[in-house]
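Chain residues, written in single-letter form:
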Amino acid sequence: MGLERMTDQPNQTAARAELQKIRRSIDNIDAALIHMLAERFRCTKAVGALKAEHNLPPSDPAREAEQIARLRTLAEDAQLDPDFAEKFLGFVIREVIQHHEAARQG
């Protein structure tokens, strides 16, 4: 049993180092996602203000359907589950619509 632990220790050390490396990449990706979402919401805020100013509806179902179809295709091409991508975009769209409704109410 002592020999197994001695042999396993270098493997665990290497695995932990690789795990840290991968987690640093994940942390960088998470940071990029947050910055991208912030930029997206800055743009959608401008859309909401424009819609409110011109008395346009907060929601555009045709645009939303186009976006969902486009995102599903992008997800498939990127080998990401399109259902997950659609759920994610659906969440973002719901948040955007809430912001647009709030902008409309002043």
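Further up the page is the structure itself.
Keep in mind the model is a prediction, meaning the values are calculated, not measured. (Residues numbered from 1 in each chain as written. Predicted model: local features only at pLDDT ≥ 70, side-chain atom pairs only at ≥ 80, totals over all residues. Heavy atoms only, no water.)

**So, the pattern of salt bridges**
In total, this model carries three salt bridges according to the counting rule given. Ionic pairing is found between Arg-42 and Glu-39, a salt bridge with its closest N-O pair at 3.1 Å. One end of the pair, Arg-42, and the other, Glu-39, are both in helix H1 (residues 2-53), three residues apart, so they sit about a helical turn from each other. For Glu-39, a relative accessible area of 39% puts it in the partly exposed group. For Arg-72, the salt bridge identified is with Asp-83, shortest N-O distance 3.0 Å. Of this pair, Arg-72 sits in helix H2 (residues 61-77) while Asp-83 sits in helix H3 (residues 82-105), and the two are 11 residues apart along the sequence. Given a relative accessible area of 23%, Arg-72 falls into the partly exposed group. The exposure class assigned to Asp-83 is partly exposed, which follows from its relative accessible area of 41%. Several salt bridges share partner residues, and in doing so they unite Arg-72, Asp-83 and Glu-86 into one network. (Salt bridge = Lys/Arg side-chain N within 4 Å of Asp/Glu carboxyl O. Helix = DSSP H or I, 4+ residues; strand = E, 2+ residues; numbered from the N terminus. Buried < 20%, exposed > 50% of the residue type's maximum accessible area, 1.4 Å probe, protein only.)

**Notes on the packing of H2 against H3**
Two elements in contact, H2 and H3, have axes whose closest approach is 9 Å; the angle formed by their N-to-C orientations is 145°. As H2 runs across H3, the sense of the crossing is right-handed. On the side of H2, the interface is formed by Glu-64, Gln-67, Ile-68, Leu-71, Arg-72, Ala-75 and Glu-76, while H3 contributes Pro-82, Asp-83, Ala-85, Glu-86, Leu-89, Ile-93 and Ile-97. Looking at the contact of H2 with H3 residue by residue, the classes come out as eight nonpolar, one polar and five charged. (Axes fitted to C-alpha atoms, helices over the stretch in contact; angles between N-to-C directions. Left-handed = near helix turned anticlockwise from the far one by under 90°. Contact = heavy atoms within 4.5 Å. Nonpolar A, V, L, I, M, F, W, Y, C, P; charged D, E, K, R; others polar.)

**Points about a nonpolar patch on the surface**
On the surface, Leu-80, Phe-84 and Phe-88 cluster together into a nonpolar patch covering about 290 Å² of accessible area. Turning to its location among the elements, Phe-84 is positioned in helix H3. (Patch = residues over 30% accessible without salt bridge, like charges linked within 9 Å, V, L, I, M, F, W, Y side chains within 5 Å. Areas by Shrake-Rupley, 256 points an atom, 1.4 Å probe, with all protein chains shown as cover.)

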